[in-house]
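Structural features, examined
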Amino acid sequence: MKKNFLLLLLFPFIIQLSAQPLSRSLGNLKTMKRTAHGFTIQTDFGNLKASVYSASIIKIDITENNSFNDFSYAVTAVPEAAVKFEVKDERDKISIVTDSIVLIITKKTCACFIVQ
């Protein structure tokens, strides 16, 4: 009887926890700053950094913090100094264009798309 009563008391909290979304968008773009290897974006809910490592590799870092932690278990490479790329700041999107790929980031939700 005690177990059922306890479960009944905790049920609203369990429902509330399971109803929360697993992810959310970064929100609207606030500011964009060019860097030596790409750009950083400040948004409503976090920050995004796009770094061109080569003509076919663009690393995207996303954080809710004010600064980026450059540590990565997966990426051991460093950006190539001679890689050519162009940053285009258009009305509704920002793009990084290399010889091989195009990274498009929308300004409304900061959704990222890669086109070959």
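Refer to the preceding data block for the structure.
Residues numbered from 1 in each chain as written. Predicted model: local features only at pLDDT ≥ 70, side-chain atom pairs only at ≥ 80, totals over all residues. Heavy atoms only, no water.

Points about the overall build of the chain
The cut-off we apply is this: Every helix listed is a DSSP run of H or I at least four residues long, and every strand listed is a run of E at least two residues long, numbered separately from the N terminus. Exposure classes here rest on a 1.4 Å probe applied to the protein chains alone. A residue is buried below 20% of its type maximum, exposed above 50%, and partly exposed in between. Only heavy atoms enter the contact rule, under which two residues are in contact if any of them lie within 4.5 Å. With residues, only the protein chains shown are counted as cover, and all accessible areas are computed by Shrake-Rupley using a 1.4 Å probe.
In terms of helices and strands, the chain carries one helix and eight strands. What you see in the chain, going N to C, is helices and strands ordered as α-β-β-β-β-β-β-β-β. Classification of the 116 residues of the chain by burial places 27% in the buried group. In the chain, of all internal contacts separated by at least 6 residues, the share reaching a separation of at least 24 is 35%. Within the structure as shown, the chain displays about 8700 Å² of accessible surface, and the carbon and sulfur contribution to it stands at 57%.

Points about the pattern of salt bridges
Opposite charge on two side chains permits pairing when their charged atoms draw close. To keep things clear, this is the line we draw: By salt bridge we mean one thing: a side-chain nitrogen of Lys or Arg within 4 Å of a carboxyl oxygen of Asp or Glu.
By the definition in use, this model includes two salt bridges. For Asp61, the salt bridge goes to Lys59, with nearest N and O atoms at 3.7 Å. Across the pair, Lys59 and Asp61 agree in class, each one buried. The partner of Asp89 in a salt bridge is Lys107, and the shortest N-O contact between them spans 2.6 Å. Residue Asp89 is located in strand 5 (residues 86-89), and its partner Lys107 is located in the loop between strand 7 (102-106) and strand 8 (112-115); the two are separated by 18 residues in the primary sequence.

Looking at the sheet that holds strand 1 (residues 29-35)
Let me state the cut-off plainly: Strands pair, by our definition, only if DSSP identifies at least two bridges between them. All axes are obtained by fitting lines to C-alpha atoms, using only the stretch in contact for helices, and the reported angles, taken between N-to-C directions, cover 0 to 180 degrees.
Across the sheet, which stays open at both edges, the four strands sit in the order 1-2-3-4 with antiparallel pairing between neighbours. Each edge of the open sheet carries a strand with a single partner, namely strand 1 and strand 4 (57-63). Going from strand to strand, the sheet's axes swing by 15° on average, the running direction of each strand aside. Here five bridges tie strand 2 (residues 38-43) to strand 3 (residues 47-54), and the two strands are oriented antiparallel to one another. In the sheet register, Phe39 faces strand 3, and the bridge partner there is Ala50.

Considerations on the sheet that holds strand 8
One open sheet accounts for four strands, arranged 5-6-7-8; its pairing is antiparallel. Sheet topology places strand 5 and strand 8 at the edges, where each strand pairs with a single neighbour. On average, each strand axis in the sheet is tilted by 15° relative to the strand beside it, whichever way the strands run. Bridge count for strand 5 against strand 6 (residues 93-97) is four bridges, and the pairing is antiparallel. Across the sheet, Lys88 pairs through a bridge with Ser95, a residue of strand 6.

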